[in-house]
Amino acid sequence: MQVTPLRLPEVILVTPPRFGDNRGFFSETYNIDRMRDAGITMPFVQDNQSLSRKKGVVRGLHCQLDPFAQGKLVRVTKGAIWDVAVDARTGSPTYGQWAGAELSAENWSQLWIPPGFLHGFVTLEDDTEVQYKCTALYNKPSERSVRWDDPTLGIDWPIEPGKAILSEKDLEAPAFSAAEGWFGFQG
């Protein structure tokens, strides 16, 4: 398995090998021992899947507060996304900074986003399917959102703001300043 740290050291890109022949391919997409070797040690308790019908669908930036904060291991099984993590841990030396990576069915990469980080993505192709493993169960009262295009974050999204397709919840999300104090940093 290839492991690549991104701009934020806790955010990790992992790419499991695929073994192909004339029938297709086989890949072990999750192995607890290999993930632990990569630094992903939290247990997963929930799997999610989304389908976005159009290119330009933005989902995020989302998180859940403690004690329901989620780490996520994200992968794409059809299509492609630009996936982003933002450090929302007050007191962290990388607070308010982001890391991003393209995930696609073709490149087979997965992104590890630890608890305490906001998560969001934009679809780069129509009919994109995203699957992710979570370290905590969904809890609606602890759910929070931040504006995907908050200028203080300076995220380099590969989409023009006027072309983004957003949910009502994401359209109404507050600025990143609202996230102050959502998570602490244990350095």
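Residues numbered from 1 in each chain as written. Predicted model: local features only at pLDDT ≥ 70, side-chain atom pairs only at ≥ 80, totals over all residues. Heavy atoms only, no water.

The name an unreviewed UniProt entry assigns to the protein chain is dTDP-4-dehydrorhamnose 3,5-epimerase, from the organism Oecophyllibacter saccharovorans. For the record of the protein chain, the UniProt heading Pathway (unreviewed entry) holds the text "Carbohydrate biosynthesis; dTDP-L-rhamnose biosynthesis." On record in UniProt, under Catalytic activity (unreviewed entry), the comment for the protein chain is "dTDP-4-dehydro-6-deoxy-alpha-D-glucose = dTDP-4-dehydro-beta-L-rhamnose". (UniProt positions renumbered as here; feature names shortened; annotations may be inferred.)

Chemist: Sorry if this is basic, but what is going on with the overall build of the protein chain here?
Modeler: Counting its secondary structure elements, the protein chain contains two helices and 15 strands. Against the 2.2 N^0.38 benchmark of 16 Å for 187 residues, the protein chain shows a C-alpha radius of gyration of 16 Å, consistent with a compact globule. A total of 187 residues make up the protein chain; the buried ones form 49% of that total. The long-range fraction of contacts in the protein chain, counting pairs at least 24 apart against all pairs at least 6 apart in sequence, stands at 81%. Summing over all exposed atoms, the protein chain offers an accessible surface of approximately 9500 Å²; the carbon and sulfur share of this is 50%. Taking the average location of the 19 positive side-chain charges in the protein chain and that of its 24 negative ones, the two points are 4 Å from each other. (Helix = DSSP H or I, 4+ residues; strand = E, 2+ residues; numbered from the N terminus. Rg over C-alpha atoms; globule rule 2.2 N^0.38 Å. Buried < 20%, exposed > 50% of the residue type's maximum accessible area, 1.4 Å probe, protein only. Contact = heavy atoms within 4.5 Å. Areas by Shrake-Rupley, 256 points an atom, 1.4 Å probe, with all protein chains shown as cover. Lys, Arg positive; Asp, Glu negative; His and termini not counted. Charge placed at Lys NZ, Arg CZ, Asp CG, Glu CD.)

Chemist: Would you explain the sheet that holds strand S5 (residues 46–52) in this entry?
Modeler: Pairing between sheet strands relies on hydrogen bonds along the backbone, with the strands arranged either parallel or antiparallel. Strand order in the open sheet formed by six strands is S1-S2-S11-S7-S13-S5, with antiparallel pairing between adjacent strands. Edge positions in the sheet fall to strand S1 (2–5) and S5, since each of these pairs with one other strand and no more. Between one strand and the next, the sheet's axes are offset by a mean angle of 20°, whatever the strand orientation. Pairing analysis gives four bridges linking strand S7 (residues 72–78) to strand S11 (residues 110–113), with the strands arranged antiparallel. By the bridge assignment for S11, Val74 is matched with Leu111. (Pairing = 2+ DSSP bridges. Axes fitted to C-alpha atoms, helices over the stretch in contact; angles between N-to-C directions.)

Chemist: Mind showing me how you'd approach the side chain of Ser142 here?
Modeler: If you trace the backbone, Ser142 turns up in the loop between strand S13 (128–134) and strand S14 (143–145). Relative accessible area serves as the criterion here: at 6%, Ser142 is assigned to the buried category. Polar contacts involving the side chain of Ser142 include one to the main-chain carbonyl oxygen of Asn139, which spans 3.0 Å. (Polar contact = N/O pair within 3.5 Å; in protein donor to acceptor, adjacent residues only side chain to side chain.)

Chemist: Before we go on, may I ask you to explain a negative patch on the surface in this structure?
Modeler: There is a patch of like negative charges on the surface, built from Glu102, Glu106, Glu125 and Asp126. Residue position: Asp126 is located in the loop between strand S12 (117–123) and S13. Given a relative accessible area of 47%, Asp126 falls into the partly exposed group. (Patch = residues over 30% accessible without salt bridge, like charges linked within 9 Å, V, L, I, M, F, W, Y side chains within 5 Å. Salt bridge = Lys/Arg side-chain N within 4 Å of Asp/Glu carboxyl O.)

Chemist: I tried to follow the pairing of strand S2 (residues 12–15) on my own but got confused; where do I start?
Modeler: Remember that side chains alternate between the two faces of the sheet whenever the strand is regular. Residues Ile12 and Val14 line one face of S2 and the alternating positions Leu13 and Thr15 line the opposite face, and both faces are buried. Turn length for the S1-S2 hairpin, with the two strands adjacent in sequence and antiparallel, is six residues. Where S2 meets S11, three bridges bridge the pair, whose relative direction is antiparallel. Residue pairing across strands places Leu13 opposite Leu111, the latter belonging to S11.

Chemist: Honestly, the nonpolar core in this entry has me stumped. Any pointers?
Modeler: A general tendency of soluble globular proteins is for nonpolar side chains to be buried together. Grouped together as the largest cluster of nonpolar side chains are 23 residues, with contacts concentrated most on Leu61, Val86, Leu118 and Trp157. Counting residues per element, the ones that place at least two in this core are strand S6 (58–64), strand S8 (80–87) and S12. Residues in contact with Val86, not counting those within four places in the same chain, are Leu61, Gly96, Gln97, Trp98, Gly116, Phe117, Leu118, Leu153, Ile155 and Phe176. Core analysis: the next-biggest nonpolar cluster, separate from the first, contains 17 residues, Leu13, Ala101, Ile113 and Tyr132 among them. (Core = buried A, V, L, I, M, F, W, Y, C linked by side-chain atoms within 4.5 Å.)

Chemist: Even after reading the chapter, I still don't get the environment of Asp66, so can you show me in this structure?
Modeler: Here Asp66 lies in the loop between S6 and S7. Residues Asp66 and Trp182, spaced 116 residues apart in sequence, show a C-alpha to C-alpha distance of 8.2 Å.

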